[in-house]
Amino acid sequence: MSGDSGGKRIGMREVAEAAGVSPQTVSRVLNDYPGIRDATRERVLTAVAALDYRVNNAARALGTSLTRTVGVVASDAVLHGPSAGIAALERAARARGRWISTAYTDSDDPADIDAAVRHLLDQGVDGIVLVAAHGATPLEGYDVPLVPLYGESGIRQRDAAALVVDHLADLGHRRIVEVAGPPDWREALARTAGVADALARRGLAREGRVEGDWSAGSGAAVADAVAAHVRRGATAVAVANDQMALGLMAGLAARGITVPADVSVAGFDDNPDAAFYTPALTTVRLDVEGEAAEAVARVLGDEPTAPAQPVLVPRASTAAPR
């Protein structure tokens, strides 16, 4: 719980401003991290005393300001991407001697997400990682750091999507359809930007674009629209995740369109089943473990190690156009 000075709520941000340091440094001092300079520690503790800042009640009950817990706010956790991200965050946190506490929300309503964040703050978490962050997800205004799992810029998501387009173009495809994720997701926007980047660099125009909701069912639902593009000459489809690609290939097969003889299909994520689709799915793999380790380091105020670059995984669902 934060203190209260003259009716104003005192949080870690105010302590950081008074001490002339970052909120992460305040967190590290309060959590008794090694390596903090004595002068910095003294400034922070002086500001804590002057502002009557009080640590979270859950931490006080344990007799320490160290909770050793990282909060995770997650939505749509039944999907492969978010569930894999949560599992990787747990492993990354435990490697740092911490646990995770997860609050689930199925809404892109900022008020709903704010309630989940504040639920975790009441538990005294040291920082919060956002999994499957929507565009409306608030990232500022809290007493601990909030970090999206794949980074606010999503640069590696963009690079990964560009790898897919480059692979298709290298095979000789010039008319490429995009099946995008839901437009209110940061990850979907980053992947769409990566597709656009690669098409522009290759001097290609996007043949068409449809949107799904990440599920295999939504991939099947857009099969009519994609089939229409194929009949007009499109030869490849870049799909924003593997589950939608699975549904799309089933939907195309039901319409008499064969992958890859009639159209190549590539996905994104390299989920554990992708190699066993019919045909096996070409996709791109992110370093989810590295992304999780980077996110945990950031919320703890430590210097992160950059994850490995995305890797294209070519399989039987893509081939040169006939």
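All of these numbers come straight from a predicted model, not from anything done at the bench. (Residues numbered from 1 in each chain as written. Predicted model: local features only at pLDDT ≥ 70, side-chain atom pairs only at ≥ 80, totals over all residues. Heavy atoms only, no water.)

Observations concerning the overall build of the chain
Test applied: Secondary structure follows DSSP: runs of H or I at least 4 residues long count as helices, runs of E at least 2 residues long count as strands, and numbering of each begins at the N terminus. Every residue pair with non-hydrogen atoms within 4.5 Å of one another is taken to be in contact. Surface accessibility in these figures is a Shrake-Rupley result with a 1.4 Å probe; residues are shielded only by whichever protein chains are displayed.
Helix and strand counts for the chain stand at twelve helices and twelve strands. Residue pairs in contact within the chain that sit at least 24 positions apart in sequence constitute 74% of those at least 6 positions apart. Total accessible area on the chain is roughly 13800 Å²; 52% of this is exposed by carbon and sulfur atoms.

A short note on the nonpolar core
Just so we agree on the cut-off: Nine residue types can take part in a nonpolar core, namely buried Ala, Val, Leu, Ile, Met, Phe, Trp, Tyr and Cys, and a core is a set of them joined through side-chain atoms within 4.5 Å. Note on classification: 1.4 Å probe, protein chains only; a residue is buried when its accessible area is under 20% of the maximum for its type, exposed when over 50%, partly exposed between these limits.
L89, V179, V226, V237, L248, L252 and V265 are the most contacted members of the largest nonpolar core, which totals 64 residues. Element by element, the count of residues in this core is highest for helix α7 (residues 155-170), at seven residues. Membership of the second largest hydrophobic core comes to 28 residues, among which are A16, A19, V26 and L146.

Digging into the packing of helix α1 (residues 12-19) against helix α3 (residues 38-51)
For clarity, the cut-off: Note on method: axes are straight lines fitted to C-alpha atoms, helices fitted across the in-contact stretch only, with angles between N-to-C directions ranging 0 to 180 degrees. Angle categories: roughly parallel below 35 degrees, roughly antiparallel above 145, roughly perpendicular from 65 to 115, and oblique for all the rest. Left-handed describes a crossing whose near helix is turned anticlockwise from the far helix by less than a right angle; the clockwise case is right-handed. Any residue that is not Ala, Val, Leu, Ile, Met, Phe, Trp, Tyr, Cys, Pro, Asp, Glu, Lys or Arg is counted as polar, Gly included; the first ten are nonpolar and the last four charged.
Close contact between α1 and α3 brings their axes to 9 Å; oriented N to C, the two are set at 120 degrees. Relative to α3, α1 is oriented oblique. In terms of crossing hand, the pair formed by α1 and α3 is right-handed. Residues E14, V15, A18 and A19 of α1 form the contact with α3, whose participating residues are R43, V44, A47, V48 and L51. Its residues assigned to classes, the contact of α1 with α3 shows seven nonpolar, no polar and two charged.

A word on the sheet that holds strand β10 (residues 264-266)
Put simply, the test is: One bridge is not enough; two strands pair if DSSP finds at least two bridges between them.
Spatially, four strands are ordered β8-β7-β9-β10 in an open sheet, and the strand pairing comes out parallel. Bordering the open sheet on either side are β8 (206-211) and β10, each of which pairs with just one other strand. Each strand of the sheet is rotated relative to its neighbour by a mean of 20 degrees, with strand direction disregarded. In the packing of helix α8 (residues 186-202) onto the sheet, the strands contacted are β7 (176-180) and β8, and the crossing angle to β7 comes to about 165 degrees. Relative to the sheet, helix α10 (residues 223-231) contacts β7, β8 and β9 (236-239), its axis offset from that of β8 by approximately 170 degrees.

Comments concerning helix α2 (residues 23-30)
Note the cut-off: Starting at the helix axis, one direction is taken to each C-beta atom, and the arc is that of these directions.
Those residues of α2 that fall on the buried side of the exposure criterion are V26, S27, V29 and L30. Along α2, the residues classed as buried sweep out an arc of 165 degrees about the axis, all on the same side. If you follow the buried residues of α2, they end up packed against α1 and α3.

Description of α3
Note the following rule: For a helix, the expected span equals 1.5 Å multiplied by the residue count minus one.
The terminal C-alpha atoms of α3, which comprises 14 residues, lie 20 Å apart, in line with the 20 Å expected from a rise of 1.5 Å per residue. Those residues of α3 not exposed but buried are T40, R41, V44, A47 and V48. When α3 is viewed along its axis, its buried side chains cluster within an angular range of 130 degrees and face the same direction. Relative to its buried face, α3 has exposed residues pointing more than 90 degrees away, namely D38, A39, E42, A49 and A50. Where α3 is buried, its residues touch α1 and α2. Remark: D52 follows α3 within two positions and exhibits a positive phi of approximately 55 degrees.

Overview of the sheet that holds strand β6 (residues 146-148)
Spatially, β4-β3-β5-β6 is the arrangement adopted by the four strands of the open sheet, whose pairing is parallel. The strands lining the two open edges of the sheet, one partner per strand, are β4 (99-104) and β6. Neighbouring strand axes in the sheet, compared pairwise and without regard to direction, differ in orientation by 25 degrees on average. Most of the contacts of helix α5 (residues 80-95) go to β4, to which it runs at about 155 degrees, and overall it touches β3 (69-74), β4 and β5 (128-131).

Quick look at the packing of aromatic side chains
Keep this limit in mind: Within 6.5 Å between ring centres, the rings of Phe, Tyr and Trp (the latter by its six-membered ring) count as paired, and their orientation is classed by plane angle as stacked under 30 degrees, edge-to-face over 60, tilted in between.
Counting across every chain of the model gives one aromatic pair. Ring centres 5.5 Å apart and planes at 70 degrees place the aromatic pair W185 and W214 in the edge-to-face group. Note that W185 is positioned in the loop between β7 and α8 and W214 in the loop between β8 and α9 (216-221), a separation of 29 residues in sequence. Pair check on accessibility: W185 and W214 agree, each one buried.

Side note on the pattern of salt bridges
Two side chains that carry opposite charge are able to pair once their charged atoms sit near each other. Quick reminder of the rule: Salt bridge, as used here, is a side-chain nitrogen of Lys or Arg placed within 4 Å of a carboxyl oxygen of Asp or Glu.
Counted under the stated rule, the structure contains 20 salt bridges. Its salt-bridge partner being R255, residue D224 comes within 2.6 Å of it at the nearest N-O pair. Placement of D224 in helix α10 and of R255 in the loop between α11 (242-254) and β10 is noted, with a sequence separation of 31 residues between them. Of the residues examined, R255 reaches a relative accessible area of 30% and is grouped as partly exposed. With a shortest N-O distance of 2.8 Å, R285 and D270 are connected by a salt bridge.

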